[in-house]
Amino acid sequence: MAKRVRAVLTLQLEAGKASPAPPVGPALGQHGVGIMEFVKSYNERTASSAGELIPAQITIYEDRSFSFELRTPPASNLIRRAAGLEKGASEPRREVAGSITSDQVRTIAEQKMQDLNANDIEAAMQMVAGTARSMGVEVEG
Amino acid sequence: MSSDQAELAVAAWELAGVRHSSIEYGLDEPREEPWPGHDQRSDRAEVAAYLKAEQWAEMESPLRAALGELLDAEPEIAVRGMPERDWRTAWHDHFNLVRIPGARPIVVRPPHIAYDPKRGEVVIDLVPGLAFGTGQHQSTRLCLRLLASVIEGGERVLDVGTGSGILAVAAAALGAASVTATDVDPIAVDAARETARQNQAADRIEVREDSVPATEQFDLITANLTADLLQYLAGDLAAALRPSGRLIVSGLIETRLSEVQGSLEGVGLELLAVEREDEWRAMLLRSSVR
């Protein structure tokens, strides 16, 4: 197939629960992608991970056909889980909502490496630690 | 912002309570995908959050603060109004009937458009989806045009890289006795089977997860691929043609035409015609084995 890419996007979606509502509708609709086709495939592929946020990276071709891949949950999601928190601090920078260890930072960084452009694990760990701090989660050790 | 910053921005916004966001990676112009699934994200990302107007009023300052902290700079934020609409049908605006004029006109019909075929027209029903070949691209239309001009009826046809199956269905509708459609992508194989079924042609089209079959020969082959793939597969394509069999290749832009032509002539094919639409080219060739 003479595939040439016209757009690449990532949508933050809840596994098994994508619908034509935003972000799917407006983000894909502007490119003329068949939205129900995407929703059906995404929900099928993610049905077994209900409750998790699983971003989809969508490649849209010149003739408006598309393909997509599932990405790892956002760093914030992984940090929250590692710290055992429901949500981040309501006033980050002033309030400490919880903490994670540097080993946990490394584990999350390893998980996120495939999605980040960070060249080495140290850079990925710095990004994860930065995200944690902005959420009001302290990094110990 | 960079794609890494975009990841972090999404994380920051999510914490501020934004559930619905997307990242779009800017491309200056369409890019060829070197292999299926190759990551084409650019480093010019835009993050969009979808909020109701009253939510935005409430969240603007925490969002700006969270972003500013992550980016270490004042973020550029543009706010745009968006009408409520039924997003399920948004793509309809982009898909019209595709007409391929000629002695045997072909019409590609998306499901939301009602159309009564005129006498002699070949109508293909196509639901655009997860496989290339919606009829909206020049390379597909060029193939359809050449197919309509060469099929006489009764041929054994091979469609390599069938995608949505549009060319396989067109070949069957134009009178081919049998069509073998192959694709290395299992999603395309499913899509092509579905297109064949929707067009009541499943009995004449065999869809397989394969490239160019090594042990069979065909009267006519269609290959809407890329310049690189056509050069790589040139020998296999020539070997799969019966003596005097014909080959339609597409998916080339003008600047790659002569090099692909050279590769195909190098394996014993002769050029019969070149079709053009915008910068795209398709070639009709014949096996010089008699």
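Residues numbered from 1 in each chain as written. Chains lettered and ligands numbered in written order. Predicted model: local features only at pLDDT ≥ 70, side-chain atom pairs only at ≥ 80, totals over all residues. Heavy atoms only, no water.

(A) Region of the structure containing the side chain of B:Thr180. Residue and element names in this part refer to chain B. Relative to the helices and strands, threonine 180 resides in strand 8 (residues 178-183). Accessibility expressed as a relative area gives 5% for threonine 180, which makes it buried. Residues within four places of threonine 180 in sequence aside, it is in contact with Val157, Leu158, Asp159, Glu206, Arg208 and Phe218. (Helix = DSSP H or I, 4+ residues; strand = E, 2+ residues; numbered from the N terminus. Buried < 20%, exposed > 50% of the residue type's maximum accessible area, 1.4 Å probe, protein only. Contact = heavy atoms within 4.5 Å.)

(B) Spotlight on the environment of B:Val169. Residues and elements named next belong to chain B. Note on placement: valine 169 falls in helix 4 (residues 166-173). In this structure the C-alpha to C-alpha distance between valine 169 and asparagine 199, which are 30 residues apart in sequence, comes to 7.2 Å. Apart from residues no more than four positions distant in its own chain, valine 169 is found in contact with Ile124, Thr195, Ala196, Asn199 and Ile205.

(C) Focus on the pairing of strand 7 (residues 156-160) of chain B. All names here are of chain B. Burial within strand 7 is extensive, with four of its five residues counted as buried. Summarising the sheet, strand 7 and strand 8 pair through five bridges and their orientation is parallel. Residue pairing in the sheet places leucine 158 in a bridge with threonine 180 of strand 8. In the classification by handedness, the crossover that spans strand 7, the intervening helix 4 and the parallel strand 8 is right-handed. Here strand 7 runs beside strand 10 (residues 218-224); their pairing, made up of four bridges, is parallel. Opposite valine 160, over in strand 10, you have alanine 223 as the bridge partner. (Pairing = 2+ DSSP bridges. Right-handed = clockwise from strand over helix to strand, strands pointing away.)

(D) A look at the pattern of salt bridges. Residues and elements named next belong to chain B. The full count for this structure, using the stated rule, is 23 salt bridges over all chains. In this structure, aspartate 219 engages arginine 242 in a salt bridge whose closest nitrogen and oxygen atoms are separated by 2.3 Å. Highlighted residues: aspartate 219 in strand 10 and arginine 242 in strand 11 (residues 241-253), separated in sequence by 23 residues. Residue aspartate 219 is classed as buried on the basis of its relative accessible area of 19%. Three or more residues are tied together by salt bridges with common partners; here these are Arg156, Glu206, Arg208, Asp210 and Glu216. (Salt bridge = Lys/Arg side-chain N within 4 Å of Asp/Glu carboxyl O.)

(E) Here's a closer look at the pairing of strand 1 (residues 21-25) of chain B. With respect to burial, strand 1 of chain B is a largely interior element, four of its five residues being buried. Sheet topology places strand 1 (residues 4-11) of chain A next to strand 1 of chain B; four bridges connect them, and they run antiparallel. When the bridges of strand 1 of chain B are listed, A:Leu9 appears paired with B:Glu24. Here strand 1 of chain B pairs with strand 3 (residues 45-49) of chain B via five bridges, running antiparallel. Pairing of B:Glu24 across the sheet is with B:Glu46, part of strand 3 of chain B.

(F) Looking closely at the nonpolar core. One finds B:Ile106, B:Leu144, B:Leu147, B:Val179, B:Ile205 and B:Ile248 to be the most contacted residues of the largest nonpolar core, which totals 38 residues. Setting aside its immediate chain neighbours within four residues, B:Ile106 contacts B:Val98, B:Arg99, B:Ile100, B:Val122, B:Ile124, B:Leu144, B:Ala148 and B:Leu174. (Core = buried A, V, L, I, M, F, W, Y, C linked by side-chain atoms within 4.5 Å.)

(G) Highlighting the interface of chain A and chain B. Contacts between chain A and chain B engage 59 residues on the former and 58 residues on the latter. Taking both partners together, chain A and chain B bury about 5100 Å²; carbon and sulfur atoms supply 56% of that area. Between chain A and chain B we count one salt bridge in total. As a salt-bridge pair, B:Glu279 and A:Arg4 come within 3.3 Å of each other at their nearest N and O atoms. Counting across the chain A and chain B interface gives 13 residue pairs in polar contact (both at pLDDT 80 or more). If you list the elements that add at least two residues to the side of chain A that touches chain B, you get strand 1, helix 1 (24-29), helix 2 (35-46), strand 2 (56-61), strand 3 (66-70), helix 3 (75-83) and helix 5 (121-134) of chain A. If one sorts the elements of the side of chain A that touches chain B by residue count, strand 1 of chain A sits on top with eight residues. (Buried area = accessible area lost by both parts, 1.4 Å probe. Polar contact = N/O pair within 3.5 Å; in protein donor to acceptor, adjacent residues only side chain to side chain.)

(H) Here's a closer look at the packing of helix 6 (residues 227-239) of chain B against helix 7 (residues 257-266) of chain B. Residue and element names in this part refer to chain B. One way to put it is that helix 6 packs onto helix 7 with a least axis distance of 9 Å and a crossing angle of 10°. Here helix 6 is positioned roughly parallel relative to helix 7, judged by the angle of their axes. Crossing angle aside, the handedness with which helix 6 passes helix 7 is left-handed. Facing Ala227, Leu230, Gln231 and Ala234 of helix 6, the residues of helix 7 in contact are Glu259, Val260, Ser263 and Leu264. Here the contact of helix 6 with helix 7 is built from residues that sort into five nonpolar, two polar and one charged. (Axes fitted to C-alpha atoms, helices over the stretch in contact; angles between N-to-C directions. Parallel < 35°, antiparallel > 145°, perpendicular 65-115°, else oblique. Left-handed = near helix turned anticlockwise from the far one by under 90°. Nonpolar A, V, L, I, M, F, W, Y, C, P; charged D, E, K, R; others polar.)

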